[in-house]
Structures are given as C-alpha cells and as structure tokens.
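Chain by chain, the residues:
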Amino acid sequence: MEQNKEPRFKKIVDAADGLSLGISMVVAVLFGVGIGWLLRDWTGIGWLFWLGVFWGIAAAILNVYKAYQKQKKELDKLANDPRYNYKANKEKYDDEDEDEKY
C-alpha cells in the first residue's frame, strides 16, 4: 500500500480549518475580554481590562498570521509542482509547437 497517499478526509479538514479562522478570532478576543474583566474585578485596577482586550486582539492577529503562513506554504508547494508551474509548462508546449511547424 502506498504511504504517500493523502488521508481520506484531508480536504474536508482543510476546509474546516479555513472556516475556523473567523471563529478563532472572535474566541481569542472574547477570551481576552474575559481575562481582562476578571483581572479588573479581582484587583480593582481598571486598566487591566484593556490589557486583556489587547491580549485578545494580539491573539487574533497571531491566528491570522499563522493561517497566512500555512496557506503560503501550501501555495509554494503548488508553485513548485510541475503540473502547475507555468514556466515549465510553457517551455514544454513551446517545444511541441516548434515540432508541429515542420
């Protein structure tokens, strides 16, 4: 049996991963707000709420950055694949066109 075969549900998992980016952003901000609120209530220091909000927004931005890096890696794999490489295919088809002229 071939070991390089992709798992059966890989495309579904990848699609769900893309959809979950929006959800993870909202959850990150909500967690940050919740942590900030708890810190403000426990300590009585008002600016800790805004620190929590900042942590949540920073976590959401980090999630977007990680998703971007993952997608970039996948696109780079496709760019190096000879089936999708325009330059490699162009040279191949240009050679075939020259053969047809004669």
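Look up a bit, the structure's there.
Now for a look at the structure at hand.

The rules we used
Residues numbered from 1 in each chain as written. Predicted model: local features only at pLDDT ≥ 70, side-chain atom pairs only at ≥ 80, totals over all residues. Heavy atoms only, no water. Helix = DSSP H or I, 4+ residues; strand = E, 2+ residues; numbered from the N terminus. Salt bridge = Lys/Arg side-chain N within 4 Å of Asp/Glu carboxyl O. Buried < 20%, exposed > 50% of the residue type's maximum accessible area, 1.4 Å probe, protein only. Phe/Tyr/Trp six-rings, centres within 6.5 Å; stacked < 30°, edge-to-face > 60°. Lys NZ or Arg CZ within 6 Å of the ring centre and 35° of its normal. Patch = residues over 30% accessible without salt bridge, like charges linked within 9 Å, V, L, I, M, F, W, Y side chains within 5 Å. Areas by Shrake-Rupley, 256 points an atom, 1.4 Å probe, with all protein chains shown as cover.

Among the structural elements, Trp37 can be located in helix H1 (residues 10-43). When the C-alpha atoms of Trp37 and Gly52 are compared, they prove to be 7.4 Å apart, with 15 residues separating the residues in sequence.

Counting across every chain of the model gives 3 salt bridges. The partner of Asp41 in a salt bridge is Arg40, and the shortest N-O contact between them spans 3.8 Å. With relative accessibility at 31%, the residue Arg40 sits in the partly exposed group. Salt-bridge contacts for Lys77 lead to Glu74; the nearest nitrogen and oxygen are separated by 3.7 Å. One end of the pair, Lys77, and the other, Glu74, are both in helix H2 (residues 47-80), 3 residues apart, so they sit about a helical turn from each other. On the basis of relative accessibility, which here comes to 34%, the residue Glu74 falls in the partly exposed class.

Let us look at the packing of aromatic side chains. All chains considered together, the criterion is met by 1 aromatic pair. Geometrically, the ring pair formed by Phe49 and Trp50 is edge-to-face, given 5.0 Å between the ring centres and 75° between the ring planes. Here Arg40 stacks its cationic end above the ring of Phe49, 5.4 Å away from the centre of that ring.

Moving on, we come to a nonpolar patch on the surface. Together, Ile23, Val27, Phe31, Ile35, Phe54 and Trp55 make up an exposed nonpolar region whose accessible area comes to about 640 Å². When contributions to the nonpolar patch are tallied by element, the ones reaching two or more residues are H1 and H2. Residue placement: Phe54 occurs in helix H2.

Remember that the coordinates give geometry; whether it matters functionally is a separate question.
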